[in-house]
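Here is what each chain is made of, one letter per residue.
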Amino acid sequence: MEFRKVLGLTTGLLGLLAGLAVAEIPQANATPGPPGNKPGTLAGAAAHSGRYFGTAVTASKLGDPAYTTIANREFDMVTPENEMKLDATEPRQGQFVFTAADRIVDWAVENGKRVRGHTLLWHAAQPGWLQSLSSSALRQAMTDHINGVMSHYKGRIYAWDVVNEAFADGTGARRNSNFQRTGDDWIEAAFRAARAADPAAKLCYNDYNIENWASAKTQSVYAMVADFRARGVPIDCVGFQAHFGSGNPYDGSDLRTTLRNFAALGVDVQITELDIQAAPPATYAAVVNDCLAVPRCAGITVWGVRDPDSWRSGETPLLFDGNGDKKPAYTAVLHALRHGHHSHHGHG
Ligand code: G3I
């Protein structure tokens, strides 16, 4: 009896306090939890078919509320734009620096988002010490780098871009890089080391200009992934950067064909760095529909929040303008995510 009275009084008081809290700070109570649950957002709309909607994030802007308000509200996947690259994480050999990358990962986790790790091995953004190594010393440094970064983030990364941009434009040959000069097998060595370092992370190969099925570069990447799958080299996903514009035009339903053909090899496919010159709404919607049509298309990431945040800001290629206002492309993407004819992506 006594207990129930106390309980009743307590819950009554709590209810009153909760009511006051709601009345006084409606904003704080109106937006709890991860954005995946909110219907009027990109992430919320993508979640209906089991997909994520992500953005590249820069650590230096996490103190800007105009930036974080949009990033937090609309997206449930985050890719550090530069902070996990070789020059950022291992500026001196064997001395790892995770300050900026940790800031992003902590922010993502605090706000209920997942993280795509970008990137372990890339010919660009290399520190000087790495550029001066070759042959077996370089090969060892590549493995050590994978182990150092992946063990720091073990269990916290949804997918890693293990190798980025290893093929050349035009011919489809391997890109001539210091990594390539250590031998053709450097890519599979990287994937094997990555699987051992964090068995829970999906391991992706990521590249640009591989959206069009007929291109020689696409065919070369496809052949590599088919070969890896046939020989048991661990690979779980292929990232299509999808930087579209006059240099790499979006070509009708061709992206969908490419996504389907890669998915048929038994890997997930992801749109990893989407931006489109001048942000035409119809093209943005078409890319979304291509992903929605392929069950193994796990999600879409745009390469920045607002136009001025973009690496090619002059082309205004993103979904939000400099004032943080939604552009017509945003509305087209949201509409496609909500009403598009979509297949479901299974979590896993
Ligand atoms: O932060 C420094 C700043 O302190 C310095 O004053 C300034 C002077 O140049 O440079 C700033 O760093 C720049 C950084 O972006 C941040 O703005 C680097 O020079 C610049 O090289 C770097 O460019 C990045 C580029 O990758 C190279 O790493 C872009 O932000 C980033 O969007 C771009 O992203 C790539 C993907 O990783 C892979 N796919 C293509 C994509 C677009 O190029």
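Scroll up to find the structure this text is about.
Residues numbered from 1 in each chain as written. Predicted model: local features only at pLDDT ≥ 70, side-chain atom pairs only at ≥ 80, totals over all residues. Heavy atoms only, no water.

## Structural notes on the pattern of salt bridges
This structure, assessed with the given rule, holds 19 salt bridges. In this structure, D161 and R116 form a salt bridge, with 2.7 Å as the shortest nitrogen-oxygen distance. With a gap of 45 residues between them, D161 in strand β4 (residues 159-164) and R116 in strand β3 (residues 114-122) connect regions that are remote in the sequence. On the basis of relative accessible area, D161 is assigned to the buried category, the value being 0%. Among the residues examined, R116 registers a relative accessible area of 0% and is labelled buried. The network of salt bridges with common partners includes K61, D64, R306 and D309. (Salt bridge = Lys/Arg side-chain N within 4 Å of Asp/Glu carboxyl O. Helix = DSSP H or I, 4+ residues; strand = E, 2+ residues; numbered from the N terminus. Buried < 20%, exposed > 50% of the residue type's maximum accessible area, 1.4 Å probe, protein only.)

## Describing helix α4 (residues 65-74)
Along α4, the residues classified as buried are Y67, T68, I70, A71 and E74. Buried residues of α4, viewed axially, fall in a sector of 165°; they line one side. Where the residues of α4 are buried, they touch α3 (42-47), β1 (52-57), α6 (99-110) and α13 (328-339). Two to three positions downstream of the cap, the backbone nitrogen of A66 sits 2.9 Å from a side-chain oxygen, assigning the N-cap of α4 to D64. (Arc of directions from axis to C-beta. Contact = heavy atoms within 4.5 Å. Polar contact = N/O pair within 3.5 Å; in protein donor to acceptor, adjacent residues only side chain to side chain.)

## A short note on the site of the ligand
In the vicinity of the ligand, the contacting residues are E81, N82, K85, H118, W122, N164, E165, Q241, H243, E273, W303 and W311. Between the ligand and E81 there is a distance of 2.4 Å, counted from an oxygen atom to a side-chain nitrogen or oxygen. E165 places a side-chain nitrogen or oxygen 2.9 Å from a nitrogen atom of the ligand. Taken by itself the ligand offers 790 Å² of open surface, and the protein chains cover 43% of this. Residues that form the shell around the ligand fall into these classes: three nonpolar, five polar and four charged. (Near = heavy atom within 4 Å. Areas by Shrake-Rupley, 256 points an atom, 1.4 Å probe, with all protein chains shown as cover. Nonpolar A, V, L, I, M, F, W, Y, C, P; charged D, E, K, R; others polar.)

## Examining the packing of helix α8 (residues 135-152) against helix α9 (residues 186-197)
Where α8 meets α9, the closest approach of the two axes is 9 Å, and the angle between their N-to-C directions is 30°. By the angle class used here, α8 and α9 are roughly parallel. Here α8 and α9 pass one another in a crossing that is right-handed. Across the interface between the two elements, R139, M142, T143, I146, N147 and M150 of α8 pack against W186, A189, A190, A193, A194 and A197 of α9. Grouping the amino acids of the contact of α8 with α9 by side-chain chemistry returns nine nonpolar, two polar and one charged. (Axes fitted to C-alpha atoms, helices over the stretch in contact; angles between N-to-C directions. Parallel < 35°, antiparallel > 145°, perpendicular 65-115°, else oblique. Left-handed = near helix turned anticlockwise from the far one by under 90°.)

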